[in-house]
Amino acid sequence: MSATVVQVVEWVFLAYFVGINLAYLGQNLVAVRTIRRYVRGAAIDDDDPAYSSVHLPISLVVPAYNESTSIVTSIKALLQLEYPDFEVVVVNDGSKDDTLEKLIRAFELYPYPEAYRNQVPCKPVKATYRSARYRNLRVVDKVNGGCKADASNAGINICRYPLVTVVDADGILQRDSLKRAVRPFLDRADTVAAGGAIRIANGCRLRDGFLEEVGLPRNFLALVQVIEYLRAFLFGRMGWEPLGAVMIVSGAFGVFRRTTLIEVGGYDPNAVGEDMELVTRIHRKMRQQRRPYHIGFIPDPVCWTDAPESLKDLASQRTRWHHGLGQALMLNKWLIFNPRGGTVSWLAIPFYLIFELLGPVLETIGAIFFVTAALFGAISWPEAGIFLLMSLSLGMLLSISAIMLEEFSFPMYRKPRELAKLYGAALLENFGYRQLTVWWRLKGFFRWILRRRHKWETITRSASVGSG
Amino acid sequence: MPDLAFASASSAAVSAAIWATVASLSASLLLLLYTLELRFRRRQGERHRARVMERWRSIIAAAVTGAEGGALPTAASHPLPRAERAEFLKLWNLTRNMVEGAAAERLIELAGRLGVPEAARGDARQKRSAARLVGIRTLGHLRDLPSFALVQAAIDDDNPLISITAAEALIEIDPARAVDALIPRVASRRDWPRTHVFRILQKAGSTLVGEPLYRAIRTAADTDAAHLLQFAELAEFDVRDAICAEILASREEPELIAAALKAASGYSQMPRLDELVQHPAWYIRMQAARFIGRMGRAEDVGRLEKLLADSEWWVRYRAARALVRLPRLDRAEIERIRERQQDPYARDILGQAIVEAGSRQ
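Residues numbered from 1 in each chain as written. Chains lettered and ligands numbered in written order. Predicted model: local features only at pLDDT ≥ 70, side-chain atom pairs only at ≥ 80, totals over all residues. Heavy atoms only, no water.

**As for the domain arrangement of chain B**
Accessible area lost upon the coming together of the parts serves often as the stated size of an interface.
Here is step 1: Along its sequence, chain B is organised into domain 1 (53-70 + 82-172), domain 2 (174-271) and domain 3 (275-361).
Here is step 2: Taking only C-alpha atoms, the centre of domain 1 of chain B and the centre of domain 3 of chain B are 51 Å apart. (Domains from an automatic or database assignment.)

Structure follows, in structure tokens:
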């Protein structure tokens, strides 16, 4: 009887590991094809005046809460973006520090009685300001809404252009980010949202809010996150793009049609992972209304973000992400195996549900089972070791394929030493780091089950990143 | 519990796990080697591109300036291999985009001598959108008349970038025929950015655009006509006035009336202004306020004051902006108008418009 149970469990976990890795490898193959097509196009299009002369005006919404240390540099950098027609709307979400005062001084803001329509819900606006120095800069000072979503909604209400991008106040954009991110909207008229690859800024050198030199972080946690981001963006997103099933447009940088944002009701202030919830809701609403739409994704690195370098910050981030994933899926449960849901309902949602949301639960049960079974002699230690090795080698394969995709698309880490460092991280992440992330995601899973609420989070900045 | 060794009943699962491990480790190794090869090939490619650019940059520059006695190279003296074509076309199109007149003619001649028109026609027929885009753009820059039909077919492409690039190329090839082909499409292609369409039609010139636009608006359905009216300012004044007057006198569709109000340029076309400032559709009232602001007559203050208390924000806003921009009203007079408003919304919106006008000065 026990032998049968052991066999069944072994096969279940074998099937799970092979299943998850086949799914990832499938995404990988689709991503290779998509990226190849994109890169071949990009090589010709980069300097083509067709792209530089056709543009859609963009509003950049920058929610800011207690960003006093970096807000001025960030906004100055945003104002220097290479794009012919854009505005910056900073939303001070009732910061307790001097974020607003610094903005007022640096940009010569003056109160301006802006009258606008509240088209998506948000906490009341206290005042609006306009810059005497930059005609395309406005600042909204509002009552604290407790989350980025509420601040983003205030920005959506007040911005004026047909495309809206919500960017993190501490995000570092490439100078040509907007030009690149707008391309899915030019290529397809039914594009309602588009995202681009986010990269890790730790270890890079900055000057005046822009990236001056790309580098890898010395901190091991940040280094492993470089690999994770490559995995997440280069095949996690690009693999879903041609299937019409991109489920996440990163909160750090994503472009949306303003009309779509308003139609779906903007960001949900109660959502923990407001970026994923919004995109999942767009899928749901569009499919419920049977409207053609497209959510695009480009592999170009458009935004660089600061990764947490301490276990505490990283744990908090991962717990929150997982909590947000569960919430986003359940808030839009109409999509789960819905006959009208297409690839979203039948491929993406099951993938996120089984492999992403339930993944840490299954992996933890599996680990406990194998250790217990080995301790009690139900299986031999070498046998348990084989399963452990299989899990590690499959994980390493995914990381190495992500490094390959980076090299294949827009390689940023050009030095041989950097490549070696990435391979080292791909190997070492399997010993401790992956297990920790499983634990944090498990905590996030239970937080979601217990319906715990999250608020604005601040992550301690990396010492290696600072404005030069 | 029994001890299960490799040869036990579970050995099949263990064997599968061993095979999965071996396969993934082997695949990892292969991917690592492939990554290194990619890096090597990329370096080679970058060097090749630099060499190609260096070679053609000097030839293109000589063609632009007419250096070396104006003698242009031929395919025999300077063959353009397929491997160099993409880089050459990138450079040629960029340069062609910047020059006109004799320099443009010499660039076109250079391309002709190197067999570029044939290659561009091939590219324009390709499925791959990037190659098609370059092909169509090149044909436009070459003003390649034999390709008119080929480029015209591309303006109906689903991809907005391909179609609008084709529209621009058509205007370069033969503006008169292009305008006739384009204007009916402008009504239906709402995915074309308005500013870009405007710029393309502007290249053709108001003499060519006016009549086809007038014809298209007269025969189009109401919503299409309203869309086309956005480009009315490209037509000559008399044509534009005739279009607007005809619509305002004879059509009832609110969106069309609003579009005509937006395009109208004189009171001669405005027999129904008092009716329009009270129209049930708010956007007509808003366009009426804008129209009055454009005309700038002091006797319209009363009409604008009524609109300041409108239930719709945009109507109030446009009326307030029109008021503060009226040429014969000074700041003190506008403040007096503000103070006498009974409606708090009217006072607020006029306050905003005063601040806005102040910040502009």
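**Some details on a nonpolar patch on the surface**
All names here are of chain A.
Here is step 1: Together, F220, L427, L428 and F431 give the surface a local cluster of nonpolar side chains, amounting to about 390 Å² of exposed area.
Here is step 2: When you line up the elements, L428 lands in helix α15 (residues 416-428).
Here is step 3: The class for L428 is partly exposed, based on a relative accessible area of 45%. (Patch = residues over 30% accessible without salt bridge, like charges linked within 9 Å, V, L, I, M, F, W, Y side chains within 5 Å. Areas by Shrake-Rupley, 256 points an atom, 1.4 Å probe, with all protein chains shown as cover. Salt bridge = Lys/Arg side-chain N within 4 Å of Asp/Glu carboxyl O. Helix = DSSP H or I, 4+ residues; strand = E, 2+ residues; numbered from the N terminus. Buried < 20%, exposed > 50% of the residue type's maximum accessible area, 1.4 Å probe, protein only.)

**Overview of the pattern of salt bridges**
Here is step 1: Within this structure, the stated rule accounts for 47 salt bridges over all chains.
Here is step 2: The salt bridge involving A:K142 is made with A:D150; its shortest N-O contact spans 2.4 Å. Grouping residues by exposure puts A:K142 and A:D150 together as buried.
Here is step 3: Put simply, B:R215 and B:D180 hold a salt bridge, and the shortest N to O gap is 3.4 Å. With B:R215 in helix α10 (residues 206-219) and B:D180 in helix α8 (residues 175-188), this residue pair connects regions lying 35 residues apart in the sequence.
Here is step 4: B:R215 sits in the partly exposed class, given a relative accessible area of 48%.
Here is step 5: Exposure remark for B:D180: the relative accessible area of 43% places this residue in the partly exposed category.
Here is step 6: Linked through salt bridges whose partners overlap, the residues forming this network are A:R205, A:R207, A:E212, A:E213 and A:K415.

**Here's the deal with the state of the cysteines**
All names here are of chain A.
Here is step 1: For the structure shown, the criterion picks out 0 disulfides over all chains.
Here is step 2: Just so you know, C159 is unpaired, no disulfide at all, and the nearest cysteine sulfur is the one on C122, 12 Å from it.
Here is step 3: Among the cysteines around C204, which has no disulfide bond, C303 carries the closest sulfur, lying 12 Å off.
Here is step 4: Classification of C204 by relative accessible area gives buried; the value is 3%. (Disulfide = S-S within 2.5 Å.)

**As for unusual backbone geometry**
Here is step 1: In this structure, A:R290 takes a positive phi of about 55 degrees despite not being glycine.
Here is step 2: By the element assignment, A:R290 lies in the loop between α10 (274-288) and β12 (294-305).
Here is step 3: Even without being glycine, B:R143 reaches a positive phi, approximately 50 degrees.
Here is step 4: Assignment of secondary structure puts B:R143 in the loop between α5 (129-142) and α6 (148-154).
Here is step 5: Overall, B:R143 belongs to the partly exposed group, its relative accessible area being 31%.

**A look at the side chain of A:T319**
Residue and element names in this part refer to chain A.
Here is step 1: In this structure, T319 sits in helix α11 (residues 311-331).
Here is step 2: Judged by relative accessible area, T319 falls into the buried class, the value being 3%.
Here is step 3: Once you skip the residues sitting within four places of it in the chain, T319 turns out to touch W440, K443, G444 and R447. (Contact = heavy atoms within 4.5 Å.)

**Description of the pairing of strand β5 (residues 137-142) of chain A**
Residue and element names in this part refer to chain A.
Here is step 1: The buried count for β5 comes to 6 of 6 residues, which makes it a mostly enclosed element.
Here is step 2: Because side chains alternate across β5, one face comprises the buried residues L137, V139 and D141, and the other comprises R138, V140 and K142, equally buried.
Here is step 3: As paired strands, strand β4 (residues 125-131) and β5 are joined by 5 bridges and run antiparallel to one another. Paired with T128 across the strands is V140, a residue of β5.
Here is step 4: Counting the residues in the hairpin turn of β4 and β5 gives 5 residues. (Pairing = 2+ DSSP bridges.)

**Let's talk about the sheet that holds strand β3 (residues 109-111) of chain A**
Residues and elements named next belong to chain A.
Here is step 1: With respect to topology, 10 strands assemble into an open sheet ordered β3-β4-β5-β2-β1-β6-β11-β8-β12-β7, the strand pairing being mixed. Of all strands in the sheet, those bounded by a partner on one side alone are β3 and β7 (172-173).
Here is step 2: The strands touched by helix α4 (residues 99-107) within the sheet are β1 (58-64), β2 (86-93), β3, β4 and β5, with β5 carrying the most contacts at an inclination of about 155 degrees.
Here is step 3: Against the sheet, helix α5 (residues 148-158) contacts β1, β2, β4, β5 and β6 (163-167), and its axis sits at roughly 140 degrees relative to β2. (Axes fitted to C-alpha atoms, helices over the stretch in contact; angles between N-to-C directions.)

**Describing empty space enclosed by the protein**
Here is step 1: As enumerated under the stated definition, the model contains 4 cavities of 30 Å³ or more in all.
Here is step 2: Here the second largest cavity defines a volume of roughly 50 Å³.
Here is step 3: Split into classes, the residues belonging to the lining of the second largest cavity amount to 1 nonpolar, no polar and 6 charged. (1 Å grid on protein atoms, 1.4 Å probe; cavity = no way out; pocket = protein on both sides within 12 Å on 5 of 7 lines; lining within 4 Å. Points joined across faces, edges and corners; volume = space filled by probe spheres on them. Nonpolar A, V, L, I, M, F, W, Y, C, P; charged D, E, K, R; others polar.)

**A few points about the side chain of B:Q287**
Here is step 1: You can see B:Q287 is positioned in helix α15 (residues 282-295).
Here is step 2: Filtering out sequence-adjacent residues up to four positions away, B:Q287 remains in contact with B:A258, B:L261 and B:K262.

**Concerning the packing of aromatic side chains**
All names here are of chain A.
Here is step 1: The final tally for this structure, using the stated rule, is 23 aromatic pairs over all chains.
Here is step 2: Plain terms: the ring middles of W240 and F351 are 5.5 Å apart, the flat faces sit at 65 degrees to each other, and that makes the pair edge-to-face. Of this pair, W240 sits in the loop between α8 (220-237) and β11 (253-257) while F351 is found in helix α12 (residues 342-357), placing the two residues 111 residues apart along the sequence. F351 matches W240 in its accessibility class, with the two residues each being buried.
Here is step 3: Where F351 meets F355, the ring centres are 5.6 Å apart and the plane angle is 65 degrees; that geometry is what we call edge-to-face. (Phe/Tyr/Trp six-rings, centres within 6.5 Å; stacked < 30°, edge-to-face > 60°.)

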